[in-house]
Amino acid sequence: MQQISIQVAVSFYTESRTVRIIMEKVIVDCSTGTTEVVPLTAEEIAELEAAAAQAEADRLAAEQKAAEEAAKKAALLAKLGITEDEAKLLLS
């Protein structure tokens, strides 16, 4: 039996001002064409949370690197006494 598991379904609903988040996965049995929606296990939720935390750390690192590169570029342009447009013109 071949199965496909999709872990993207997150449902939001409110009950008297309380927000509840239910994380579910859809399991599709390819041999029968049946689908089943089941809650994620604690381990699966932990994996998703770890992946989200890593993605956020990667995004922050990329932003930091871009800011450092921009600062270096600005310092070099200031040292040379030219603008960014003048540097582009010289390099074209």
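Residues numbered from 1 in each chain as written. Predicted model: local features only at pLDDT ≥ 70, side-chain atom pairs only at ≥ 80, totals over all residues. Heavy atoms only, no water.

(A) Highlighting the overall build of the protein chain. Each helix and strand counted, the protein chain has 2 helices and 3 strands in total. Along the chain direction, N to C, the helices and strands of the protein chain fall in the order β-β-β-α-α. Across the 92 residues that make up the protein chain, the buried fraction comes to 9%. For the protein chain, the proportion of contacts with a sequence separation of at least 24, taken over those separated by at least 6, is 22%. For the protein chain, the accessible area works out to roughly 7,500 Å², and carbon and sulfur atoms hold 59% of it. (Helix = DSSP H or I, 4+ residues; strand = E, 2+ residues; numbered from the N terminus. Buried < 20%, exposed > 50% of the residue type's maximum accessible area, 1.4 Å probe, protein only. Contact = heavy atoms within 4.5 Å. Areas by Shrake-Rupley, 256 points an atom, 1.4 Å probe, with all protein chains shown as cover.)

(B) Molecular detail of the pattern of salt bridges. Evaluated as defined, the whole model comprises 5 salt bridges. With a closest N to O distance of 2.4 Å, Arg-59 and Glu-63 form a salt bridge. Of the two residues, Arg-59 and Glu-63 both sit in helix H1 (residues 42–80), 4 residues apart, roughly one turn of that helix. Two residues, Lys-88 and Glu-84, come together in a salt bridge whose shortest N-O distance is 3.8 Å. Of the two residues, Lys-88 and Glu-84 are both situated in helix H2 (residues 84–91); the distance of 4 residues between them amounts to about one turn of the helix. Given the relative accessible area of 37%, Glu-84 is considered partly exposed. Connected through shared salt-bridge partners, Glu-56, Arg-59 and Glu-63 make up one network. (Salt bridge = Lys/Arg side-chain N within 4 Å of Asp/Glu carboxyl O.)

(C) Layout of the side chain of Asp-29. If you trace the backbone, Asp-29 turns up in strand E2 (residues 18–29). The buried charged residue Asp-29 lacks any salt bridge partner; its closest oppositely charged side chain belongs to Lys-25, at an N-O distance of 14 Å. (Lys, Arg positive; Asp, Glu negative; His and termini not counted.)

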